Amino acid sequence: VSLAQREKAYMNVANLLGKKLGIYLSAVLLAYVLASVSATQHVVSSLSSMGVSLEPGERVLMSVQDLAGMSGMFLPLIAFGFLVAFLVTALLHYWLKRWQTALYVLAGAAAIIAIHVLLNMAFNITPVAIARNPGGLMIQGLCGAAGGYLYIYLNRRFGSRIFDPVDDPDLQ
């Protein structure tokens, strides 16, 4: 086996890993944007019920500011939660192959819900106001489910294995 063939194989693996990372980060980002915007709009609706009137532009501005403001705390929590949930799901998928989409959607929802529940249990805090009631917690879970669905959708669309040198007997 030539050096050029080995280099090509490693470049294919690097390309695949880059795709997988991009898919994972896309899922994390979607879940974060949806969870953050839903949390902001929950606060806005609470303000409206108190008689505070906000223009649509102010609502959008608040959402954008919260996206930036919550990125230091909430985004890494979602990234870690998705990492753990997707790794466990990959193991479960080994035995439950027919349920791949449902498993990843459930994993995304479980990751976001677990973040809120565990923060409350460990520190007695709920940093995101929408998660203080069961309905709001379920909305946050739906945001995670959307991230899980995007993860599996993009994996099916773009993340297929290109070439694995371990599988090629000529490169061993």
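Structural data are supplied above this passage.
This report concerns the structure included in the present document.

Parameters at a glance
- Residues numbered from 1 in each chain as written.
- Predicted model: local features only at pLDDT ≥ 70, side-chain atom pairs only at ≥ 80, totals over all residues.
- Heavy atoms only, no water.
- Helix = DSSP H or I, 4+ residues; strand = E, 2+ residues; numbered from the N terminus.
- Buried < 20%, exposed > 50% of the residue type's maximum accessible area, 1.4 Å probe, protein only.
- Contact = heavy atoms within 4.5 Å.
- Areas by Shrake-Rupley, 256 points an atom, 1.4 Å probe, with all protein chains shown as cover.
- Polar contact = N/O pair within 3.5 Å; in protein donor to acceptor, adjacent residues only side chain to side chain.

### A few points about the overall build of the protein chain
Stage number 1. Helix and strand counts for the protein chain stand at five helices and zero strands.
Stage number 2. Counting all 172 residues of the protein chain, 33% fall into the buried class.
Stage number 3. The contacts of the protein chain with a sequence gap of at least 6 include a subset with a gap of at least 24, amounting to 75%.
Stage number 4. Entry remark: accessible area of the protein chain is about 10,400 Å², with carbon and sulfur atoms responsible for 69%.

### Here's the deal with the side chain of T89
Stage number 1. Counting through the fold element by element, T89 comes out in helix α3 (residues 74–95).
Stage number 2. When its relative accessible area of 4% is taken as the criterion, T89 is described as buried.
Stage number 3. Among the polar contacts listed, one links the side chain of T89 to the backbone oxygen of A85, at a separation of 2.7 Å.
Stage number 4. Leaving out residues up to four positions away in the same chain, T89 has contacts with L103, Y104 and A107.

### Some details on the side chain of S36
Stage number 1. Along the chain, S36 turns up in helix α1 (residues 3–49).
Stage number 2. Filtering out sequence-adjacent residues up to four positions away, S36 remains in contact with D66, L67, M70 and F74.

In short, geometric facts, not functional conclusions.
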